[in-house]
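Descriptive structure summary
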Amino acid sequence: MVAATTVLAIIVLWSVFSRPLDRRGITSALFLTVVGFLVGTSALGWLDVAVDSAVAELVAELALVLLLFSDATRIDLRALRRELAWPTRLLLIGLPLTMLAGSVVGVLVFPEMALASVVLLATMLASTDAALGQKVVSDPAVPGRVRQALDVESGLNDGLAVPFFLVALAIANAELDTDVPSAVLGSMAAQIGWGLVGGLVAGVLGGLLFRAADHRDWIGREWRQMVPLAAALLAFTIAVTLGGSGFIAAFVGGLAFGRLSGARGSAVTLLAEDTGGLLAAVTWIGFGAMALTLALPHITWQVILYAALSLTLVRMLPVALALAGQGLKRPTVAFIGWFGPRGLASLVFALLAFERGVPEGEVVLTTVLVTVALSVLLHGLTSVPLVAAYQRWYSTHRAQHPGAAEAEPATMSRRRRHLPGAHDL
C-alpha cells in the first residue's frame, strides 16, 4: 500500500503542474522517472519494484497496446497516402538501417558479446517514442512536413520492429533449432499474420458494431468510451492467444476501428488513450525507481559509449541516408535525426527479454536502461531550445527559398483529439 500510495501521489503531483512544466521542456517521462528514482529503492526506499514482476510487465505491455490503438484510430490514411515520401523512407529505409547500424556498433563496442545478443540489443533500441517527442510534433513552429514525418514514424515503427525483436530474441535463446532463415521467416509470418488477424477481427467487428449502434443511438452515453478500450484489449488477447504479436494487433485494430467506426478524430478513444497514459506513467515511475538500482553495478564505459552512439550516430546516419535526394537541408536532417527518442517500446522489449532470459542479459538490459534514461533526459531538455533554434533557421530559409522542400504543406495524418462534446462522451 505504501508503494501504491507513492505512485498515485506522484501522478497527482505531475498532473497539477503538467502544463507549466511541459512548456519548459520537462516531459512527463522525465519528471516521473526522476521522482521515481528519488523515492525508489536507490534513495528513500518507498518503492521496491521488481523488474521481473509479471505485474510490471503486464502494465507496460497494456500501456503500449492502448497507446498504439488510440494513436492508430486517429491516422488519416487518405492524407498519408498523398504524402508518403518522408515517412515511408524513415520506416522502410531508416528503420532497417538503424537496426543494422546498431548491430555493427554493438559488435565493435561489445566484441565479446554473442552476435545474436548484439542484434537483439539493436532491435530493442530501434523504435522511437511519440510521447517523448510530443513537444516537437505538436509545436506549430516546426514545419508541417517535419512534424508529420516524425509523428508517423514514431506511430508505426513500434509495430514494424516487433517481429524483428521477437525473432532476435528467439535466436539469442537458441529457440530456433531448424534452418535459421526459414525459421526466421516462419516466426515473422506467425507474429505478423496472427497479429493482423487479431487486429482485424477486433477492429473490424468493433468498428462496424460501433457505427451501426451509434447510428441507431443504441449506445448509452456512459458506454461509448468502453467500446474502443475493449476492442484494443480484444485485439491484443486474440493475437497473443493465436501466437501473434499483440502490439501489431493493437495498431492494426486501431486503424480498422478508426476507419470503420466513423469516430476517427473524435474523443471516443479518450478513455483508452488516457488509460494507456496512466499505465505509461506507472511504468515510468517504476523505471525510475529500479533503473539505476539495477544498472549501476553493471555500467561500464562500453555501455555508456553504446548508449551515446545509439542516440546519435546509429539514429542520425540512417535518417540522413533515408532522406537523401529529398531536397532537405542539413539542419532539417539533423533535427529529424536527433528527435528519435527511445522510450516505452524499448522498455517493454527489455522486460520481455529479461523475463525470457538472454545471454549477456545483464549487459543488454543495462544498456537499454541507460539509453532510455539518457534519451528521457536529453530529448526532454533539448526540445524547447532546439525547436526555437530550428524555427529561427527555418524562417530565414523559407524567406529566401519559398519553394524549399520543408515549406511544402502537409496534413498531420494523426489527428489530435479535440475537446469532447456531449455526443462524444
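Procedures and definitions
- Residues numbered from 1 in each chain as written.
- Predicted model: local features only at pLDDT ≥ 70, side-chain atom pairs only at ≥ 80, totals over all residues.
- Heavy atoms only, no water.
- Helix = DSSP H or I, 4+ residues; strand = E, 2+ residues; numbered from the N terminus.
- Buried < 20%, exposed > 50% of the residue type's maximum accessible area, 1.4 Å probe, protein only.
- Contact = heavy atoms within 4.5 Å.
- Areas by Shrake-Rupley, 256 points an atom, 1.4 Å probe, with all protein chains shown as cover.
- Core = buried A, V, L, I, M, F, W, Y, C linked by side-chain atoms within 4.5 Å.
- Salt bridge = Lys/Arg side-chain N within 4 Å of Asp/Glu carboxyl O.
- Polar contact = N/O pair within 3.5 Å; in protein donor to acceptor, adjacent residues only side chain to side chain.
- pLDDT = per-residue confidence, 0-100.
- Patch = residues over 30% accessible without salt bridge, like charges linked within 9 Å, V, L, I, M, F, W, Y side chains within 5 Å.
- Expected span 1.5 Å × (residues − 1).
- Bend = angle between axes of the 7 residues up to and from the residue.
- Phe/Tyr/Trp six-rings, centres within 6.5 Å; stacked < 30°, edge-to-face > 60°.

So, on to the overall build of the protein. Regarding its fold elements, the protein presents 17 helices and zero strands. Here the protein, with 425 residues, has 52% of them falling under the buried criterion. The long-range share in the protein, meaning contacts at least 24 apart out of those at least 6 apart in sequence, stands at 85%. Entry remark: accessible area of the protein is about 18300 Å², with carbon and sulfur atoms responsible for 68%.

As a further point, take the nonpolar core. M124, F165 and W284 are the most contacted members of the largest nonpolar core, which totals 83 residues. The element that contributes the greatest number of residues to this core is helix α12 (residues 270-295), accounting for 10 residues.

Within the secondary structure, F349 sits in helix α16 (residues 344-356). On the basis of relative accessible area, F349 is assigned to the buried category, the value being 1%. Taking the C-alpha atoms as reference points, F349 and F165, separated by 184 residues in sequence, lie 7.6 Å from one another. Setting aside chain neighbours within four positions, we find F349 in contact with T123, M124, S127, D158, V162 and F165.

Moving on, we come to the pattern of salt bridges. Evaluated as defined, the whole model comprises two salt bridges. R315 serves as the salt-bridge partner of E153, at 2.6 Å between the closest nitrogen and oxygen. Taken together, the positions of E153 in helix α8 (residues 144-172) and R315 in helix α14 (residues 313-322) put the pair 162 residues apart, joining distant regions of the chain. Note on E153: relative accessible area 4%, which makes it buried. Among the residues examined, R315 registers a relative accessible area of 3% and is labelled buried. In this structure, D214 engages R224 in a salt bridge whose closest nitrogen and oxygen atoms are separated by 2.5 Å. Of this pair, D214 sits in helix α9 (residues 180-215) while R224 is found in the loop between α9 and α10 (226-242), placing the two residues 10 residues apart along the sequence. With a relative accessible area of 22%, D214 lands in the partly exposed category. Given a relative accessible area of 5%, R224 falls into the buried group.

Here we take up the side chain of H379. Locating H379 in the fold gives a position in helix α17 (residues 361-400). A distance of 2.8 Å separates the side chain of H379 from the side chain of S375, its partner in a polar contact. Aside from chain neighbours lying at most four places away, what touches H379 is L311, W338, F339, G340, P341 and L374.

Once that is clear, we can look at the confidence of the model for the protein. Any region with low pLDDT has predicted coordinates that should not be read closely. Here the protein averages 83 in pLDDT, while 86% of its residues score no lower than 70. For the stretch residues 414-425, pLDDT sits under 50, and the model shows 39 contacts to residues farther than four places along the chain or on other chains.

A contiguous nonpolar surface patch, about 380 Å² in accessible area, is contributed by V12, L13, V16 and F17. By the element assignment, V16 lies in helix α1 (residues 2-23). On the basis of relative accessibility, which here comes to 57%, the residue V16 falls in the exposed class.

What follows deals with helix α5 (residues 85-109). The end-to-end C-alpha distance of α5 is 34 Å, a good match for the 36 Å that 25 residues give at a rise of 1.5 Å each. The axis of α5 is deflected most strongly, by about 35 degrees, at G94, and proline P96 appears within four residues downstream.

So, on to the packing of aromatic side chains. Scanning the model with the defined rule gives 10 aromatic pairs in all. Centroid distance F69 to F257: 5.9 Å. Interplanar angle 50 degrees. Geometry classified as tilted. One end of the pair, F69, is in helix α3 (residues 54-73); the other, F257, is in helix α11 (residues 246-261), and 188 residues separate them in sequence. The residues F69 and F257 share a single accessibility class, namely buried. Through pairs of rings, three or more aromatic residues link up here, namely F335, F339, Y390, W393 and Y394.

In this structure, D217 is a non-glycine residue whose phi angle is positive, near 60 degrees. Mapped onto the secondary structure, D217 falls in the loop between α9 and α10.

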